[in-house]
Amino acid sequence: MNRLLRRAAGAACWPLLAVAAGAHGALAVLAVAEYATLGWLFGTRFDLAAVTLVLASALAGLAASGALAAQAAGGSRKLRRLVESGRRPLPPPVRDVVAGLGLTGRTDAIHASEAFAVTYGLARPRILVSDSLAAALDPSELAAVLAHERCHLRHRDPLRLLAARLLAAYGCYLPAARWLAGRVALRRELAADRAAAARAGRGVLAGTLLKLAALPACPAIAAANPAGEAAASLEARVAQLENGNPPRQRLARGRILASAGCLTLLAAAGACCVGLSQALPGGVL
Amino acid sequence: MGVLWGSGRPMPVRAVAAALNASRRAPLAYTTVLTVMSRLARKNILARSRAGRGFVYTPVSADTAEIAVRGVLDEFGDAALARFMERVELDPGLRARLRQLMEKHR
């Protein structure tokens, strides 16, 4: 029962957050109208603070998610252009594994000294592997990596991750928002690992993780990902390989309380905004 | 970058400046080369390591195409990319658990 409830809460969480972000945006528009109409003649300082809070939080959220969207769009375009210009024929071991997994035509290879495999692209995701990956891994390990990436590709994970991160960026002042986006990323990683283990076996997947971790790291890529999060993600992936079940992720009580406090404050400010709208010409609400 | 790629071994700033100035009519100042190389090291295009009392520099990438790949993946960050594995230092405990898994499911 508990499990069902948790699952229902998990499924309802994101649509609810999207609706909440939409409502917050609408309240921010109302706040702008109130500023424009009432100027600084708000009834009390409390009214002024409430309207300012709604507007400031919406602007902060828009700025954060706008910056993230621009980064993702720019990166996506550059990566696509780079792959188009630097595409190489798939190395023979990769070509065989790709054909076996039904990924022909959706996988590219480029030259890079770091061994990596990524899924990218929002509308039509593709898999990109470096030729060093083919050199470093044997065919069964390549199958584990590509089965993992195929799961990301089939579920359009780049798009899901971006949507979750955009929503989390909109609520950047809520301590729970970042945790929720991280939880989506980890759940997708765990799902892809289950697909890889089903295809290649748990032992092969464990060996692949071990082998890739021993290769020299690219400092630029390492710097882009907070070390703590990457280590926690790997810990959860290893725990799933050991137990067969994904580990539970808990949000710290402090973060829940702080987020609930912020949301209550915002809800109160929003209610005040709606109340003030009576003073607008014609009464908006 | 051409000088460092050509040499194939770590080089100090002074040696890079000397190699660059060998074919230039107006020589580059040592500080100019130092500034450029420090910036490249900050952007992770060059790796800097201590050698005696000074530093030597090694190119991280093998060619310009690879620099571009790294730049894009770095800039992309984790915004809309699903990577097989983040670059992370494995602690000995995790390493041992992965080895055990390999043995168990061999």
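Residues numbered from 1 in each chain as written. Chains lettered and ligands numbered in written order. Predicted model: local features only at pLDDT ≥ 70, side-chain atom pairs only at ≥ 80, totals over all residues. Heavy atoms only, no water.

1. Remarks on the overall build of chain A
To be explicit about the condition: Note on conventions: DSSP H or I runs of at least 4 residues are helices, E runs of at least 2 residues are strands, and numbering of each starts at the N terminus. We call a residue buried when its accessible area falls under 20% of the maximum for its residue type, exposed when it is over 50%, and partly exposed in between, using a 1.4 Å probe and counting protein chains only. For this analysis, residues touch if any pair of their heavy atoms sits within 4.5 Å. Accessible areas in this description were obtained via Shrake-Rupley with a 1.4 Å probe; residue shielding takes into account the shown protein chains only. His is not counted here, nor are the chain ends, while Lys and Arg score as positive and Asp and Glu score as negative. To locate a charge, take atom NZ for lysine, CZ for arginine, CG for aspartate or CD for glutamate.
When its secondary structure is counted, chain A shows eleven helices and three strands. Seen through its principal axes, chain A has C-alpha atoms that stretch 75 × 50 × 30 Å. Every one of the 285 residues in chain A was classed for burial, and the buried ones make up 45%. For chain A, long-range pairs separated by at least 24 residues make up 67% of all intrachain contacts whose partners lie at least 6 apart in sequence. A total accessible area of about 13,800 Å² is found for chain A, and carbon and sulfur atoms account for 64% of it. Each charge class in chain A was averaged separately, 32 positive and 16 negative side chains, and the resulting centres sit 6 Å apart.

2. Brief notes about the environment of Val54 of chain A
Residues and elements named next belong to chain A. Take Val54: it is sitting in helix α2 (residues 45–86). The sequence separation of Val54 and Ile110 amounts to 56 residues, and the corresponding C-alpha distance is 47 Å. For Val54, the residues in contact, after removing those within four places along its chain, are His24, Leu27, Ala28, Ala31, Ala269, Gly270 and Cys273.

3. Some words on the packing of helix α5 (residues 139–154) of chain A against helix α7 (residues 175–200) of chain A
All names here are of chain A. Cut-off, in case you're wondering: Geometry is summarised by axes, namely lines fitted to C-alpha atoms with helices restricted to the contacting stretch, and by angles between N-to-C directions that run from 0 to 180 degrees. Angle categories are assigned with fixed cut-offs, so that under 35 degrees is roughly parallel, over 145 is roughly antiparallel, 65 to 115 is roughly perpendicular, and the rest are oblique. Crossing handedness is read from the near helix: turned anticlockwise from the far helix by less than a right angle, it gives a left-handed crossing, and turned clockwise, a right-handed one. Three classes are used, and their members are as follows: Ala, Val, Leu, Ile, Met, Phe, Trp, Tyr, Cys and Pro are nonpolar, Asp, Glu, Lys and Arg are charged, and the others, Gly among them, are polar.
Contact geometry of α5 with α7 gives a least axis separation of 8 Å together with a crossing angle of 140 degrees. Considering their axes alone, α5 and α7 lie oblique with respect to each other. In the packing of α5 onto α7, the handedness of the crossing is right-handed. The residues of α7 that touch α5, namely those facing Ser140, Ala143, Ala144, Ala147, His148, Arg150, Cys151 and His152, are Arg188, Glu189, Ala191, Ala192, Asp193, Ala195, Ala196, Arg199 and Ala200. Residues of the contact of α5 with α7, tallied by class, amount to nine nonpolar, three polar and five charged.

4. Structural notes on the nonpolar core
The line we're drawing: Residues belong to a common nonpolar core when they are buried Ala, Val, Leu, Ile, Met, Phe, Trp, Tyr or Cys residues joined through side-chain atoms within 4.5 Å.
Counting 39 residues, the largest nonpolar core has Val94, Val129, Leu133 and Leu146 of chain A together with Phe84 and Leu98 of chain B as its most contacted members. For this core, the secondary-structure elements that each account for two or more residues are α3 (92–100), β3 (126–130), α4 (131–136), α5, α7, α8 (202–214) and α10 (227–243) of chain A together with α5 (92–104) of chain B. Sorting elements by how many residues they give to this core places α5 of chain A first, with seven residues. Ignoring anything within four residues of it in the chain, the contact list for Val129 of chain A reads Val94, Asp108, Ala109, Ile110, Phe116, Ala117 and Leu146 of chain A. Judged by nonpolar contacts, the second largest core, of 17 residues, contains Ala28, Tyr35, Ala58 and Leu276 of chain A.

5. As for a positive patch on the surface
Residues and elements named next belong to chain A. Selection criterion: A patch consists of residues whose relative accessible area exceeds 30% and which take part in no salt bridge; residues with like charges are grouped when within 9 Å of each other, and nonpolar side chains (Val, Leu, Ile, Met, Phe, Trp, Tyr) when within 5 Å. Any carboxyl oxygen of Asp or Glu within 4 Å of a side-chain nitrogen of Lys or Arg constitutes a salt bridge here.
On the surface, Arg3, Arg6, Arg7, Arg187, Arg194, Arg248 and Arg250 cluster together into a positively charged patch. Taken together, the elements giving at least two residues each to the positive patch come down to α1 (2–38) and α7. Here the element with the most residues in the positive patch is α1; it accounts for three residues. Considering the arrangement of structural elements, one finds Arg248 in the loop between α10 and α11 (253–276).

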